[in-house]
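# Geometric and topological summary
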Amino acid sequence: MTVPFAELVSLAGAMVVQARGASRPADGETAATVAALLVAEPRNEAQVLAIVTVIVRDALADPFRETTANRWRTLLPAWVQPQLVGSTVNRLRAAGLLVSTGRYVRSTDSAGRNIGKLQPVYAFDAAALDGHHATEQAAAS
């Protein structure tokens, strides 16, 4: 399935908005709090949008809408800060847009010294995005 670039960017933008608004972490959830702050920081918007675009493009190219960092890591622009990748994925998970499949693959990330470690396989859930749009529209009415 080929998605026009403008449509992909629009989808990525909507996902960024939803990830920013995902339920706030409870007190004591330091990693989740930091992830939320990094993704919400306006200066990181271009990087977060690039990350989301690459992840969504990869998931949409898969017949089961699955994605894993091994497939899209090398597609990220060089100017993307590595810590934003994990933070963005965590916020997409919190928003229900990336759902764990329960399966894992071995990481090929030698630059991050994660080679051989298990990493999750995620499924992209576009229905979660549709539900968010319905909620937004109802709130705007």
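Residues numbered from 1 in each chain as written. Predicted model: local features only at pLDDT ≥ 70, side-chain atom pairs only at ≥ 80, totals over all residues. Heavy atoms only, no water.

### Things to note about the overall build of the protein
Which entries qualify depends on this criterion: Helix and strand labels come from DSSP, where a helix needs a run of H or I of at least four residues and a strand needs a run of E of at least two; each type is numbered from the N terminus. Between buried and exposed lies partly exposed: a residue is buried under 20% and exposed over 50% of the maximum accessible area for its type, with that area taken using a 1.4 Å probe on protein chains only. Whether two residues touch is decided by their heavy atoms; if any such pair falls within 4.5 Å, the residues are in contact.
A count of helices and strands for the protein gives 6 helices and 3 strands. Secondary structure elements of the protein, listed N to C terminal, follow the sequence α-α-α-β-α-α-β-β-α. Here the protein holds 141 residues, and the buried ones make up 37% of them. Contacts spanning at least 24 positions in sequence make up 69% of the contacts within the protein whose residues lie at least 6 apart.

### Focus on the confidence of the model for the protein
Keep this limit in mind: pLDDT is defined as a per-residue confidence score from the predictor, taking values between 0 and 100.
Mean pLDDT over the protein works out to 75, with 62% of the residues at or above the 70 mark. In this model residues 133–137 is a low-confidence stretch, pLDDT under 50, and it forms 2 contacts with partners more than four residues away in sequence or in other chains.

### Some words on the pairing of strand β3 (residues 118–124)
Keep this limit in mind: A strand pair is defined by DSSP finding two or more bridges across the two strands.
Burial runs high along β3: 5 of the 7 residues are buried. For strand β1 (residues 66–67) and β3, the ladder comprises 2 bridges, and the chain directions are antiparallel. Residue pairing for β3: Thr67 is matched across the bridge by Tyr122.

### Observations regarding the packing of helix α3 (residues 45–61) against helix α5 (residues 82–94)
The cut-off we apply is this: Here an angle of 0 to 180 degrees is reported between the N-to-C directions of two axes, which are lines fitted to C-alpha atoms, with helices fitted over the stretch in contact. Crossings are classed by handedness, with left-handed meaning an anticlockwise turn of the near helix from the far one by less than a right angle and right-handed meaning a clockwise turn. All amino acids are sorted into three groups, where Ala, Val, Leu, Ile, Met, Phe, Trp, Tyr, Cys and Pro are nonpolar, Asp, Glu, Lys and Arg are charged, and the leftover types, Gly among them, are polar.
For the pair α3 and α5, interaxial distance at closest approach is 10 Å and the crossing angle is 65°. Judged by the sense of rotation from one axis to the other, the crossing of α3 with α5 is right-handed. On the side of α3, the interface is formed by Gln47, Val48, Ile51, Val52 and Ile55, while α5 contributes Leu84, Val85, Thr88, Val89 and Leu92. For the contact of α3 with α5, the per-class residue count stands at 8 nonpolar, 2 polar and no charged.

### Structural notes on the sheet that holds strand β2 (residues 98–106)
With antiparallel pairing, the 3 strands of this open sheet are ordered in space as β1-β3-β2. Looking along the sheet, the strands with just one partner apiece sit at the ends: β1 and β2. As paired strands, β2 and β3 are joined by 6 bridges and run antiparallel to one another. In the sheet register, Tyr104 faces β3, and the bridge partner there is Pro120.

### Structural notes on α3
Test applied: A helix is expected to reach a length of 1.5 Å times the quantity of its residues less one.
Taking 1.5 Å per residue, 17 residues should reach 24 Å; α3 reaches 24 Å between its end C-alpha atoms and fits that length. Among the residues of α3, Gln47, Val48, Ala50, Ile51, Val52, Thr53, Val54, Ile55, Val56, Asp58, Ala59 and Leu60 are the ones counted as buried.

### Some details on the layout of surface pockets
This is how the line gets drawn: Buriedness for pockets is judged along seven lines, at least five of which must meet protein on both sides within 12 Å for an open set on the 1 Å grid over protein atoms alone, while cavities are sets there where a 1.4 Å probe fits but cannot get out, and lining residues have an atom within 4 Å of a point. Grid points are joined across faces, edges and corners, and a volume is the space filled by probe spheres set on the points.
What the largest pocket holds in volume is close to 670 Å³. If you go around the largest pocket, you meet 31 residues; those closest to its centre are Ala69, Trp72, Arg73, Val85 and Asp109. Looking at the lining of the largest pocket, the elements with two or more residues in it are α4 (69–72), α5 and β3. Residue contributions to the lining of the largest pocket peak at 6 residues, all from α5. The class makeup of the residues in the lining of the largest pocket is 14 nonpolar, 13 polar and 4 charged.

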